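Next come the chains, spelled out residue by residue.
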Amino acid sequence: MEILHSKIFGENVSSTPLLVFHGLFGMLDNWGSFGKELGEFLPVHLIDLRNHGRSFHSENMSHDDLADDIANYMTHYGIEKAHVLGHSLGGKAVMQFAINYPEKVDKLIVVDISPKAYPPHHQGIIKALETVDFNTVASRNEVEAVLTQYIPEKSTIQFLAKNLYWEESGDSKKLNWRFNLKTLSEKYNEFVSNAIKYGVFQGEALFIAGEKSNYILPQDEFSIKQQFPKAQFVKIKNAAHWVQADNPVDFSIAVKDFLQIKITKQSF
C-alpha cells in the first residue's frame, strides 16, 4: 500500500491534527505559509494527492480512491481523528472521505467547491500541458512560452510551472511534470464531472467560497445541506477560486475561527 507524500508542521503540538489537500495540478508547496502559520497551534499535514507532487502515480483517480488514500495515510501515521481541509479537487476528496469515514473526521473544511458534478472546464489547460514536448524544451522559460500560447493568465502559468522538475535518466536529464498528466487527462471526467457519492456527514462543516468565484453558487447551499446538514458558509472578500492565495489573511482567520484556535497576544 502506497502512502501519500506530505510535509508536517507542528509535529510536537498536542492537538487534533489538520490534514490539508490541494487542488487539481497543485501540490502541497502551494500551502507552505498556511501550514507554517497554523503549525504553531496544531499539527498540520500538507499532503500531495495521488498523481500530484511527490505522491505516487496511479491509473485510478475516483473520489473513493482519494478518500481511501486519506484513510490509509491516517492509519500509517497513527491518527485516529483529524480535521480535514481540501481546496477544489482536494475539497471533493475530503467530502467523500467525511462521508465514507465519518468516524475519522472531527471538523470538515471545504474550500471553493461543492459536492456536485461540474462541466469540464480545464480542457484549455490540459491541451496546453500536452503540447509541451520535453524532448525539445530545455528550460522553464521555454515551457512557459509554450503555455502562453494557450493560457492567457500569467498566474495560472506560474502555478503550473511550479510542477516542473529535472528528471534524471542515466547521464542525461530533462524537464518533466511532477503530476501524472496521462491519468489526470484520461480520468478527468471521473473526478470533475462526477458528483461525490451520496451520503450524509453529520459533523461540523465549513464551506469557504471566494467572493469572485462561481464554484459555489447560492443555489448550491441547499444541496450541500442535504449531505452536510451542519454546514456553515463563509465568503472571503477580494478572492476568486484560489481563495487562500488571493486573501490569505481573511482565509486564515475563517479557518482559525472554525477550529476555535484562540490567538492570545503576548504582553510585553
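Let me begin by describing the structure that accompanies this report.

The rules behind these values
Residues numbered from 1 in each chain as written. Predicted model: local features only at pLDDT ≥ 70, side-chain atom pairs only at ≥ 80, totals over all residues. Heavy atoms only, no water. Helix = DSSP H or I, 4+ residues; strand = E, 2+ residues; numbered from the N terminus. Rg over C-alpha atoms; globule rule 2.2 N^0.38 Å. Buried < 20%, exposed > 50% of the residue type's maximum accessible area, 1.4 Å probe, protein only. Arc of directions from axis to C-beta. Contact = heavy atoms within 4.5 Å. Pairing = 2+ DSSP bridges. Axes fitted to C-alpha atoms, helices over the stretch in contact; angles between N-to-C directions. Salt bridge = Lys/Arg side-chain N within 4 Å of Asp/Glu carboxyl O. Parallel < 35°, antiparallel > 145°, perpendicular 65-115°, else oblique. Nonpolar A, V, L, I, M, F, W, Y, C, P; charged D, E, K, R; others polar. Phe/Tyr/Trp six-rings, centres within 6.5 Å; stacked < 30°, edge-to-face > 60°. Lys NZ or Arg CZ within 6 Å of the ring centre and 35° of its normal.

Re the overall build of the protein chain
Logical step 1: The secondary structure content of the protein chain amounts to eleven helices and nine strands.
Logical step 2: For 268 residues, the compact-globule formula gives about 18 Å, and the C-alpha radius of gyration of the protein chain, at 19 Å, lands near that figure.
Logical step 3: Referenced to the eigenvectors of the C-alpha coordinate spread, the extents of the protein chain come out at roughly 55 × 45 × 40 Å.
Logical step 4: Out of the 268 residues belonging to the protein chain, those deemed buried represent 52%.

Concerning helix α5 (residues 140-148)
Logical step 1: Considered for burial, the residues of α5 that qualify are V143, V146 and L147. Across the axial projection of α5, the buried residues extend over an arc of 100°, all falling on one side.
Logical step 2: At its buried positions, α5 is contacted by α4 (123-131), α6 (154-161), β6 (164-169) and β7 (172-177).

Description of the sheet that holds strand β2 (residues 18-21)
Logical step 1: The strand order across the open sheet built from seven strands is β1-β3-β2-β4-β5-β8-β9, with neighbouring strands paired in mixed fashion. The outermost strands of the open sheet, each flanked by one partner alone, are β1 (6-9) and β9 (231-236). Neighbouring strand axes in the sheet, compared pairwise and without regard to direction, differ in orientation by 15° on average.
Logical step 2: In this structure, strand β4 (residues 82-87) lies alongside strand β5 (residues 105-111), joined through five bridges in parallel fashion.

Things to note about unusual backbone geometry
Logical step 1: Unusually for a residue other than glycine, F25 sits at a positive phi of about 65°.
Logical step 2: Among the structural elements, F25 can be located in the loop between β2 and α1 (32-38).
Logical step 3: What makes F25 buried here is its relative accessible area of 3%.
Logical step 4: The phi torsion at Q260 lies on the positive side, around 55°, for a residue other than glycine.
Logical step 5: Mapped onto the fold, Q260 is located in the segment after α11 (248-258).

Points about the pattern of salt bridges
Logical step 1: All told, the structure shown has six salt bridges when counted by the stated rule.
Logical step 2: In this structure, R50 and D69 form a salt bridge, with 2.7 Å as the shortest nitrogen-oxygen distance. Taken together, the residues R50 in the loop between β3 (44-47) and α2 (63-76) and D69 in helix α2 connect sequence positions 19 residues apart.
Logical step 3: The exposure class assigned to R50 is buried, which follows from its relative accessible area of 8%.

Structural notes on the packing of α2 against helix α3 (residues 89-100)
Logical step 1: Taken N-terminus to C-terminus, the directions of α2 and α3 make an angle of 70°; their axes are 8 Å apart at the nearest point. As the angle between them shows, α2 and α3 are arranged roughly perpendicular. Only L89, K92, A93, V94, Q96, F97 and N100 of α3 make contact with α2, whose side of the interface consists of H63, D64, L66, A67, I70, A71 and M74.
Logical step 2: Considering only residue class, the contact of α2 with α3 consists of nine nonpolar, three polar and two charged.

Brief notes about the packing of aromatic side chains
Logical step 1: In total, this model carries 14 aromatic pairs according to the counting rule given.
Logical step 2: Ring-pair connections join several aromatic residues into one group, and the members of that group are F25, F134, W177 and F179.
Logical step 3: The side chain of K173 reaches across the aromatic face of W166, ending 5.5 Å from its centre.
Logical step 4: The residue whose ring lies beneath R178 is Y165, and the NZ or CZ to ring-centre distance is 4.3 Å.

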